[in-house]
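In case you want the letters, here they are:
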Amino acid sequence: MDVDDRLELRVVSARDLPEVEGGDCNPFVLVKCGGEAEQTHVVNSSQNPEWTTQRMIFLDVAENDVDHVVLSVWHKNLGGGSDVPLGQAIVYLRTVVLSPGIEQDDRIELTPVPGQTNECSGSLRVELSYFVGDTDLLDDD
């Protein structure tokens, strides 16, 4: 597979998420990079979740002029109601893009999602790496 560039991102954990009305917090993270979106699995009953998901891969970051990633933390309403925003973190990619192949490990304080009316607190830890050129990490061989 010929890949010009890619961003690899892993959501590691969140800390000190707020309590939610009606019960335990069931957080998940929605990651948006350019026009692509992926999400973690839901961690049940935790204000300090850890995710063991594999890295999310976003291709053609430079070609699409992507300069940031938005990570939105949500509470999954298991009772069938709407999911509740808990906060978001915006990661600017300048440093990671200027250091290809070097992993960046960040903890970012959450800020309210636009339109969010409930409490926002906590932080999110993410690992990011940027790669340029063809490598065998994505090859099927």
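Note that the structure is a prediction, hence the values are computed from the model and not measured.

Draft legend 1. Structural context of the overall build of the protein chain. What the protein chain contains, in helices and strands, is 1 helix and 8 strands. Listing the helices and strands of the protein chain from first to last along the sequence gives β-β-β-β-β-β-α-β-β. Against the 2.2 N^0.38 benchmark of 14 Å for 141 residues, the protein chain shows a C-alpha radius of gyration of 16 Å, consistent with a compact globule. Projected onto its principal axes, the C-alpha coordinates of the protein chain cover approximately 50 × 30 × 25 Å. A buried classification covers 40% of the 141 residues belonging to the protein chain.

Draft legend 2. Fine view of the pattern of salt bridges. Enumeration according to the criterion identifies 8 salt bridges in this entry. Residues D83 and K76 are paired through a salt bridge, measuring 3.6 Å at the closest nitrogen-oxygen approach. For the salt bridge of D105 with R125, the shortest nitrogen-to-oxygen distance reads 2.7 Å. Within this pair, whereas D105 is found in strand β7 (residues 104-109), its partner R125 is found in strand β8 (residues 123-132), the two being separated by 20 residues in sequence.

Draft legend 3. The arrangement of the pairing of strand β3 (residues 36-39) in detail. As paired elements, strand β2 (residues 27-33) and β3 share 4 bridges and run antiparallel to each other. Residue pairing in the sheet places L30 in a bridge with Q39 of β3.

Draft legend 4. A look at the nonpolar core. Counting residues in hydrophobic clusters, the biggest one holds 30 residues, and the most contacted among them are L7, L9, V11, V31, L71 and L124. Breaking this core down by element, the ones donating at least two residues are β1 (5-15), β2, β4 (56-59), β5 (68-75), β6 (84-92) and β8. Excluding anything up to four places from it in sequence, L71 contacts L9, V11, V29, L30, V31, G87, Q88, A89, V91, L124 and V126.

Draft legend 5. Focus on the sheet that holds β7. Spatially, 4 strands are ordered β4-β1-β8-β7 in an open sheet, and the strand pairing comes out antiparallel. The open sheet has two edge strands with one neighbour each: β4 and β7. In this sheet, neighbouring strand axes are inclined to one another by 30 degrees on average, regardless of whether the strands run parallel or antiparallel. Relative to β8, β1 runs antiparallel, the two sharing 10 bridges. Across the sheet, L7 pairs through a bridge with Y130, a residue of β8.

Draft legend 6. Examining the side chain of E8 more closely. In this structure, E8 sits in strand β1. The buried category is assigned to E8, whose relative accessible area is 9%. Within the structure, E8 has its side chain in polar contact with the side chain of R6 (distance 2.7 Å).

Draft legend 7. Representation of the environment of Y130 within the structure. Mapped onto the elements, Y130 comes out in strand β8. Residue class for Y130 comes out buried when judged on its relative accessible area of 4%. Sequence-wise, Y130 and G79 are 51 residues apart; in three dimensions their C-alpha atoms are separated by 39 Å. The contacts of Y130, once residues within four sequence positions are left out, are D5, R6, L7, V61, A62, V96, V97, P100 and G101. Polar side-chain contacts of Y130 include one of 2.8 Å to the side chain of D5.

Draft legend 8. Fine view of the confidence of the model for the protein chain. With 92% of its residues at a pLDDT of at least 70, the protein chain reaches an overall mean of 89. Averaged pLDDT values for the elements of the protein chain fall to 92 in helix α1 (residues 94-97) and rise to 97 in β2.

Cut-off values and rules
- Residues numbered from 1 in each chain as written.
- Predicted model: local features only at pLDDT ≥ 70, side-chain atom pairs only at ≥ 80, totals over all residues.
- Heavy atoms only, no water.
- Helix = DSSP H or I, 4+ residues; strand = E, 2+ residues; numbered from the N terminus.
- Rg over C-alpha atoms; globule rule 2.2 N^0.38 Å.
- Buried < 20%, exposed > 50% of the residue type's maximum accessible area, 1.4 Å probe, protein only.
- Salt bridge = Lys/Arg side-chain N within 4 Å of Asp/Glu carboxyl O.
- Pairing = 2+ DSSP bridges.
- Core = buried A, V, L, I, M, F, W, Y, C linked by side-chain atoms within 4.5 Å.
- Contact = heavy atoms within 4.5 Å.
- Axes fitted to C-alpha atoms, helices over the stretch in contact; angles between N-to-C directions.
- Polar contact = N/O pair within 3.5 Å; in protein donor to acceptor, adjacent residues only side chain to side chain.
- pLDDT = per-residue confidence, 0-100.

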